[in-house]
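# Observations on the model geometry
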Amino acid sequence: MTSAPAGMGHPATAFDLGARLSRTPAPAAVVIFGASGDLTHRKLMPALYSLALQQLLPPEMTVVGVSQTAWDDDQFREEMRQAVATHGPTHMLDADIWEAFARRLHYVPATFDDPAAYEQLRNTLTTLHQGGENPGNRLFYLATAPEFFALIAERLGAAGLADEQADTFSRIVIEKPFGEDLGSARTLNQRVGSVFGERQTYRIDHYLGKETVQNLLVLRFGNAIFEPIWNRRYVDHVQITVAEDLGVETRGGYYDQSGALRDIVQNHIFQVLSLVAMEPPARFDSRSVHDEKVKVLRAIPEIAAEHAHDAAVRGQYRAGFIGGQPVPGYREERGVAPDSNTETFVAMRLTVDNWRWAGTPFYLRTGKRMPRRATEVAIQFKPAPHLPFAQTAVESTEPNLLILRIQPDEGASLRFSAKVPGPQVDIRNVSMDFQYGSSFLKPSAEAYERLLLDALLGDSTLFARWDEVERGWEIVDELLQRWGTTAIAASNYAAGTWGPTEADALIRRDGREWRRL
Ligand code: BG6
């Protein structure tokens, strides 16, 4: 990220996230493992094509798809054309631009453990290189099932494909989940790390690519008014919610092995939490930002098994109604075991034990099949210390709230008390609102566009560094073990509700309530 000059006469913004979009990466081959999979169809190819459409990629960029499906180059191109037509924005498919883009798509069929396939991949890359299609830079993107991550990295290493020359790069982008607990994450990191250095490794957390998550940094560090009150003296507590109305869709098989704690809390919510709670970094470079984020995670105590009950609640949805339509219970979903013990809802209370946040709880919740999709951070401030309205009917006011809406309706609102017009003193809460949609005329970049571009540019600021991932697992590891060995109170919330009653009890114990969304 670049800093805007803070000179006289130039409005000093702390940094300019958009500036990265104006840089063009060096030509490279983007090699996608898992090229026939869902992620490639829905996200990666539309993102790459959109970058090409916006002329943010150099014309020499090539994309090589690798997967077990027996396609040739032309079949791959046609498949990807349909993927972009289906999943890209409707205006995206321009016949001429697609033709030029498609010429640079290539395909290598491969079984991921077959060393010969990596030889073939190397030959393909060498041929493209010699044909002048790229200068030898490579970005390997692992969009496969997680059990292949370490194997592919090792095979790439054995084929000499991880080596960098003085003027070329070789990087690896790893999709989530990065491990399934502390032990497996460490093993994965060690195996990948024996081939690709940390500097070459980009662990995706697509929440960091969301415009509104990045805006959190601008709001905090690009404005002078929030930082003085962003601490335990003024903040009563923080609530972070990631609510989805969808169920597990076609991903029951994966999800049933994962559950909400692994799927959302350990990665997405912890990343958002660390951005909310971190100290201002001295500079907006990757190292400074990661250093501050990991300090937050280190200040969060691990959830000890014996305190699991006080700190966290889990739930699993039963059949219910979403938007008036009946939907099945979790255990009836395709790919899910009929006696599944997997949680589809988590509520949690954490503390950040440092000077800024001591005594200020952070409440986190996430769930599938909630009444609506809503991801937000709500900072609730402490009440006014004294209300000088003794002669009136006003006995109390609602607390001030700063709400950062990550999705949908991206934006921010500040809730504060205002006088109701009239001869009496009557006070109500009102909102001051900022909405992305109406404030800016251009649409937000898709998270994957930004992240792919950053990986090509060699900017790892918006990726998860290993020590953050490891600390995330450390915090929840005992809880995971405990939940893995004890039965869930099955079906303890109906689809279309805000989770089990135990989640309400968790926050009410502190005399607080979940926000109604
Ligand atoms: C993914 C999870 O990482 O994030 C999914 O695996 C979840 O289960 C998704 O639905 C939510 O992402 P978004 O961008 O829709 O909030």
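These remarks concern the structure in this document. (Residues numbered from 1 in each chain as written. Predicted model: local features only at pLDDT ≥ 70, side-chain atom pairs only at ≥ 80, totals over all residues. Heavy atoms only, no water.)

## A closer look at empty space enclosed by the protein
Applying the stated criterion to the full structure yields four cavities of 30 Å³ or more. The set of elements that each furnish at least two residues to the lining of the largest cavity consists of helix 9 (260-277) and helix 14 (466-485). Here the lining of the largest cavity gets five residues from one element, more than from any other, and that element is helix 9. Across the lining of the largest cavity, the residue classes tally to nine nonpolar, four polar and six charged. Here the second largest cavity defines a volume of roughly 50 Å³. Lining the second largest cavity are Thr212, Asn215, Leu216, Leu404, Arg405, Ile406, Gly411, Phe434 and Tyr436. Listing elements by their share of the lining of the second largest cavity, those giving two or more residues are helix 7 (211-221) and strand 15 (401-407). In the lining of the second largest cavity, the residues fall into five nonpolar, three polar and one charged. (1 Å grid on protein atoms, 1.4 Å probe; cavity = no way out; pocket = protein on both sides within 12 Å on 5 of 7 lines; lining within 4 Å. Points joined across faces, edges and corners; volume = space filled by probe spheres on them. Helix = DSSP H or I, 4+ residues; strand = E, 2+ residues; numbered from the N terminus. Nonpolar A, V, L, I, M, F, W, Y, C, P; charged D, E, K, R; others polar.)

## A few points about the site of the ligand
Neighbouring residues of the ligand: Lys176, His206, Tyr207, Lys210, Glu244, Arg251, Asp263, His268, Lys368, Arg373 and Gln407. In this structure, an oxygen atom belonging to the ligand sits 2.5 Å away from a side-chain N or O atom of Tyr207. At 2.6 Å, a side-chain N or O of Asp263 approaches an oxygen atom of the ligand. Notes on the ligand: free accessible area 390 Å², of which the protein chains cover 81%. (Near = heavy atom within 4 Å. Polar contact = N/O pair within 3.5 Å; in protein donor to acceptor, adjacent residues only side chain to side chain. Areas by Shrake-Rupley, 256 points an atom, 1.4 Å probe, with all protein chains shown as cover.)

## Here's the deal with the pattern of salt bridges
Evaluated as defined, the whole model comprises 30 salt bridges. Across the salt bridge formed by Asp236 and Arg512, the nearest N and O atoms sit 2.7 Å from each other. Pair noted here: Asp236 is in strand 7 (residues 235-243) and Arg512 is in the segment after helix 15 (501-508), with a separation of 276 residues, a long-range link. Its salt-bridge partner being Arg349, residue Asp510 comes within 2.6 Å of it at the nearest N-O pair. In this pair, Asp510 sits in the segment after helix 15 while Arg349 sits in strand 12 (residues 345-350), placing the two residues 161 residues apart along the sequence. (Salt bridge = Lys/Arg side-chain N within 4 Å of Asp/Glu carboxyl O.)

## Focus: the environment of Arg203
Along the polypeptide, Arg203 turns up in strand 6 (residues 201-203). Judged by its relative accessible area of 2%, Arg203 falls in the buried class. Among all residues touching Arg203, those that are not within four sequence positions of it are Ile174, Phe178, Asn189, Glu198, Phe463, Ala464, Arg465, Trp466 and Val469. Of the polar contacts made by the side chain of Arg203, one reaches the side chain of Asn189; its length is 2.9 Å. (Buried < 20%, exposed > 50% of the residue type's maximum accessible area, 1.4 Å probe, protein only. Contact = heavy atoms within 4.5 Å.)

## Concerning the environment of Phe140
With respect to the secondary-structure elements, Phe140 resides in strand 4 (residues 138-142). Note: C-alpha distance between Phe140 and Asp181 (41 residues apart in sequence) is 24 Å.

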